[in-house]
Every structure is written in C-alpha cells, then in structure tokens.
Amino acid sequence: MSETRNARMSLERIALIDVNNFYVSCERVFDPSLKDRPVVVLSNNDGCVVARSQEAKDLGITTGAPFFQVKQFMRSHGMEVRSSNYELYGDMSARVMEVLGRFGTWQEVYSIDESFLGVQGNMNDLGELATHIRATLARSVGVPVCVGIAPTKTLAKFANHVAKRNTHLNGVCSLDSMDPEIIDSIQARVPVTDLWGVGSKTGSKLAGLGITSIADLKRADITEIRKKFSVVLQRTVLELNETPCIAQAEERADKQQIMYSRSFSSPVTTLESMLEVMSVYSQRGAARLMSDGLWATLLSVTAGTSRFATGDSSFPSVTIKLPRPTQDPILLSRLATEAMREIMSPGLSYVRGGVILSGLQPDPGQEAFGIFEEENCQKHVGNVLGAVKAKFGDKAIGLGSGGFAIEPTWSMKREYSSPKFTTDWSELPVVRA
C-alpha cells in the first residue's frame, strides 16, 4: 500500500538531458547516410579527433587521436570524417535548449549539449515526461538524447550515465523508479572518477583512502572528506545521499572579454597577410560585440610562431586603450592593423593570431561633444554590416579583406566540412519532390 502511495506522490526532481555524441548527431540530422556508420569530427585545421560516433568508439578511435592516424581506417572500415562545423553545432544547440525549456519549471544550460531541468510529478509522470522529451527532440530537432532524473544534480548526472550505458532503458533513467539495491549495486561498480566533478587527481587521492567507487564515496564521512579535500567534494557526498547542495546557477557573470583567435592553415609570413588577419578578426570581434550588446574599451592583438620551430621565434602582443567605448568595426579594424604593423617581424612563419576585446561594458557611456566628432557619421556602420550579413550571409559584405567571398590561404582548414545547413542562406538544404 505504501509503495502505491509513494508512486502517486508528487516529486520535485532534477533532470539532466544530454545529446548523444552531439557533433556527430548534428551531422547525421542532415546526412542520414551517416547513420550506423563510424563517424569522427575533427578539431580546428583538421588536426585531431574531437568527437566520435559509437561505431567509431567501437573501432578503438580515441578522442584526441591525430587525424593522420585515423585516415587508415577511412576506407577499410567505411569511416566518414567531418571538419568541425561550429556554426551548425551552435545553432542546433540553441534549438535543443529552446525545446527543453518548454518542459521544466526552470532550466540551466550546462554546456553546448547538456541542460538541467526542474521537473515535477509522480514516478510514472516523470518517466513519461522523460520519454516525451526524447521523442519531441527526435521529432523537432532530430537528435537523440538520454535523460537522467534524480533528487540532486549529482545523482541526475549519474542517472544519465546509467541511461547511456544500458540500452534496455531506452535512454531514460529515473532513480525513483529503480530498486535501491540495484542502484547500490551499480554505484559499487562505477569508478568514482566517472562521477561528475571528480577528476583523475582527486580520484587518485581518494583511492589512497580506499575510496574507488561511487558507492565508497557515498558512504564516506563528510567531515573527513571536507578536512582532507574540500567543501565541493563534501557537497558531492551529500548529493549522493539525496541532499541537494548544488543550487541552480545564478545569472552568468558579466562577460570579461571577447576573443577571436585561430591557428592558420598555412603559415603567415608577410605583413600584408597578417594585416588581413587582423582586419578580418577584428571585424568578427566587432560582430560579437554587437550581438551581445557590449562595447569594448581595450583592444589586444597577438600572433605567434610555432613553439616547436627550430628557427627564430616571435610572440608579439600589445594592448591599447581605445579612444572611446566602441563596437565600431572600422575603428577596431584600423587600430588592430596599426598595432600589429608595429610589432610583427615579417619573414618569420606565424602559425596563429588573435584579436581580444576587453574592458567590456553594456553601454557606450556619455560622449562629450559627440556630434562634432569626425567619426560620428560611421557609428552605425556596424549595424548596417550586421543587418546585411544576417540577411545574405557572413560573406556578403565586409571591410577590406573581410569582404572577400573567397577564403584567404591562411583561413582555418576545414577540408571535410559539411554545409552550414541552418545559418547560411546559400547552404540551406533543398528538398525535391
């Protein structure tokens, strides 16, 4: 009778929703031929593996594996390779989070592919809700997810871990619906380093105390844990025992800086090419300022040769105070190129460069006699550029080198990139009857 009553009780729980193999899943939405095939996604300049499908994991492909090692598997195992398509992944993430927000009493976006939700209902309701979330995301966005539901964030993470590794659960694990003895048995088999917030270094120290599994940590003395480790790990122990200690994250702290920094696909050796880099990067930084509604007061430019180069090395960097808080792409481009002109050593092989905008503030402040300033007439240029790009794509317009449709030779290498299916009008998928 008590079990029936408990099953009908309304519970306040936390759900952790995680998109399975997120980058690969985004690629599969628009290319169904990738389904059930080994797929890897590469890092900047196609250097190494950053994401893998389950089929690729089963072949032994590891995260961080250099791409030249992966190439040998491509033909012999039918493996597909994609360059990182950050525009697509960012947009797909936003779609996932928007859909998830419909299901919770509160939402906390934890990462590009994870979100905590506050959920309510009895045990049956929570299981049905989790199944409904999975089905809705599969239908409206096209990506597969796993859902873990539990009384605390740490246990929700653990429940998600269980859902991922037990296919018979169909991607859903609600700890309230599981036999406590089964939960204890699983926790006794899962290494403590698989627990959210417990890294390898902490795991080694815990092992020295005989704590090797999640169950061991759950039974640990919280006073001793705090004394020998930290209040953070103490909270983890409490959360394992169903005492919520990790509150919903407050509004994110104000952004401190905007950085646009990349490695080059081919070394930059001339001043002319480096000034192109600074012009393009500063314009992209300005676009981010406008998107976030921020104004910068400091501008930094950086560049660097390879740390493994045998010849002369150079790591020029300089920060300048802007004449006024700005998000003006013309001003930022001019100042960035002027600054780099003074500090670069032409002839050396630079492999990366960057523009950093800092001292950010939410408004431009009061400009004395602003109507008489010579540059006042261009203060709306950034808005015009942004509007044109929003309608016709990033390559539709720009200042100087930033307006070239053809990518310069130093641009980031993305040889295996899929189209920007959702963010570029010219690359939208076409459906033919």
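Presented here is an overview of the structure given in this document. (Residues numbered from 1 in each chain as written. Predicted model: local features only at pLDDT ≥ 70, side-chain atom pairs only at ≥ 80, totals over all residues. Heavy atoms only, no water.)

1. Observations regarding the environment of aspartate 312
Logical step 1: In this structure, aspartate 312 sits in the loop between β10 (296–305) and β11 (317–326).
Logical step 2: Sequence spacing of aspartate 312 and serine 349 is 37 residues, and the spatial spacing of their C-alpha atoms is 9.0 Å.
Logical step 3: Ignoring any residue separated from it by four or fewer positions in sequence, one finds aspartate 312 in contact with Thr305 and Leu348. (Helix = DSSP H or I, 4+ residues; strand = E, 2+ residues; numbered from the N terminus. Contact = heavy atoms within 4.5 Å.)

2. With respect to the sheet that holds strand β9 (residues 257–268)
Logical step 1: The four strands are arranged β9-β12-β10-β11 in an open sheet whose pairing can be described as antiparallel. Each edge of the sheet is formed by a strand with only one pairing partner; in this case those strands are β9 and β11. Ignoring which end each strand starts from, the neighbouring axes of this sheet average 15° apart.
Logical step 2: For β10 and strand β12 (residues 350–358), the ladder comprises eight bridges, and the chain directions are antiparallel. (Pairing = 2+ DSSP bridges. Axes fitted to C-alpha atoms, helices over the stretch in contact; angles between N-to-C directions.)

3. Notes on the side chain of arginine 13
Logical step 1: By the secondary structure assignment, arginine 13 is in strand β1 (residues 11–19).
Logical step 2: Given a relative accessible area of 17%, arginine 13 falls into the buried group.
Logical step 3: Excluding its chain neighbours within four sequence positions, the residues that come into contact with arginine 13 are Leu117, Gly118, Val119, Leu126, Ile149, Ala150, Pro151 and Asp176. (Buried < 20%, exposed > 50% of the residue type's maximum accessible area, 1.4 Å probe, protein only.)

4. Overview of the nonpolar core
Most often, soluble globular proteins have nonpolar side chains that are buried together.
Logical step 1: Ranked by internal contacts, the top residues of the largest apolar core, which has 35 residues, are Ile17, Val96, Leu100, Leu117, Ile133, Leu137 and Val147.
Logical step 2: Looking at this core, the elements with two or more residues in it are β1, α2 (22–30), β2 (39–42), α5 (86–100), β6 (114–121), α6 (123–140) and β7 (145–150).
Logical step 3: Those residues in contact with valine 147 that sit more than four places away from it in its chain are Ala15, Leu16, Ile17, Ala130, Ile133, Arg134, Asn160, Ala163, Gly171, Val172 and Cys173. (Core = buried A, V, L, I, M, F, W, Y, C linked by side-chain atoms within 4.5 Å.)

5. Re the sheet that holds strand β3 (residues 49–52)
Within a sheet, neighbouring strands are paired by backbone hydrogen bonds and run either parallel or antiparallel to one another.
Logical step 1: Read from one edge to the other, the open sheet built from three strands follows the order β3-β2-β4, with strand pairing classed as mixed. Each of the sheet's edge strands pairs with one partner strand only, and the pair in question is β3 and β4 (80–83). Here the average twist between neighbouring strands, direction ignored, is 30°.

6. Examining unusual backbone geometry
Logical step 1: Phi is positive for asparagine 21, which is not a glycine, with a value near 45°.
Logical step 2: Looking at the secondary structure, you find asparagine 21 in the loop between β1 and α2.
Logical step 3: What makes asparagine 21 partly exposed here is its relative accessible area of 25%.
Logical step 4: For aspartate 36, which is not glycine, the phi dihedral falls at a positive 65°.
Logical step 5: With respect to the helices, strands and loops of the structure, aspartate 36 is situated in the loop between α2 and β2.

7. A look at the layout of surface pockets
Logical step 1: Within this model, the second largest pocket holds a volume of roughly 980 Å³.
Logical step 2: Every residue lining the second largest pocket is counted, 32 residues in all, and those nearest its centre are Val19, Asn20, Asn21, Gln54 and Lys57.
Logical step 3: Of all the secondary structure elements, the ones that give two or more residues to the lining of the second largest pocket are β1, α2, β3, α3 (54–58) and α7 (153–165).
Logical step 4: Per element, the largest residue contribution to the lining of the second largest pocket is six residues, and it comes from α2.
Logical step 5: Looking at the lining of the second largest pocket residue by residue, the classes come out as eleven nonpolar, ten polar and eleven charged. (1 Å grid on protein atoms, 1.4 Å probe; cavity = no way out; pocket = protein on both sides within 12 Å on 5 of 7 lines; lining within 4 Å. Points joined across faces, edges and corners; volume = space filled by probe spheres on them. Nonpolar A, V, L, I, M, F, W, Y, C, P; charged D, E, K, R; others polar.)

8. Quick notes on the pattern of salt bridges
Logical step 1: With the rule as written, the count across this model stands at 15 salt bridges.
Logical step 2: For lysine 164, the salt bridge is made with aspartate 18, and the minimal N-O distance between the two is 2.4 Å. Separated by 146 residues along the polypeptide, lysine 164 in helix α7 and aspartate 18 in strand β1 bring together distant segments of the chain.
Logical step 3: In this structure lysine 164 comes out as partly exposed when scored by relative accessible area, which is 36%. (Salt bridge = Lys/Arg side-chain N within 4 Å of Asp/Glu carboxyl O.)

9. Considering the packing of α7 against helix α12 (residues 231–240)
Logical step 1: Across the interface, α7 lies against α12 with an axial gap of 7 Å and an inter-helix angle of 65°. One element, α7, and the other, α12, form an angle in the roughly perpendicular class. On α12, the residues touching Lys153, Thr154 and Leu155 of α7 are Thr236, Glu239 and Leu240.
Logical step 2: Here the contact of α7 with α12 is composed, by residue class, of two nonpolar, two polar and two charged. (Parallel < 35°, antiparallel > 145°, perpendicular 65-115°, else oblique.)

10. Thoughts on the environment of isoleucine 149
Logical step 1: By the secondary structure assignment, isoleucine 149 is in strand β7.
Logical step 2: Between the alpha carbons of isoleucine 149 and glycine 127 there is a distance of 8.5 Å; along the sequence they are 22 residues apart.
Logical step 3: Those residues within four positions of isoleucine 149 in sequence are excluded, and the remaining contacts are Arg13, Ile14, Ala15, Val119, Leu126, Ala130, Ala159, Cys173, Ser174 and Leu175.

11. Topic: the pairing of β1
Logical step 1: With respect to burial, β1 is a largely interior element, eight of its nine residues being buried.
Logical step 2: As paired elements, β1 and β7 share six bridges and run antiparallel to each other. Considered in β7, the bridge of valine 19 is made with valine 145.

12. Points about the packing of aromatic side chains
Logical step 1: In this structure the tally under the stated criterion is seven aromatic pairs.
Logical step 2: Centre to centre, the rings of tyrosine 110 and phenylalanine 116 are 5.8 Å apart; their planes meet at 70°, and the pair counts as edge-to-face.
Logical step 3: On the basis of relative accessibility, which here comes to 36%, the residue tyrosine 110 falls in the partly exposed class.
Logical step 4: Take phenylalanine 116: its relative accessible area is 0%, and that puts it in the buried class.
Logical step 5: Taken together, the aromatic side chains of Phe22, Tyr23 and Tyr89 make up a single cluster linked through ring pairs.
Logical step 6: Taking NZ or CZ as reference, lysine 153 lies 5.0 Å from the ring centre of phenylalanine 116, over its face. (Phe/Tyr/Trp six-rings, centres within 6.5 Å; stacked < 30°, edge-to-face > 60°. Lys NZ or Arg CZ within 6 Å of the ring centre and 35° of its normal.)

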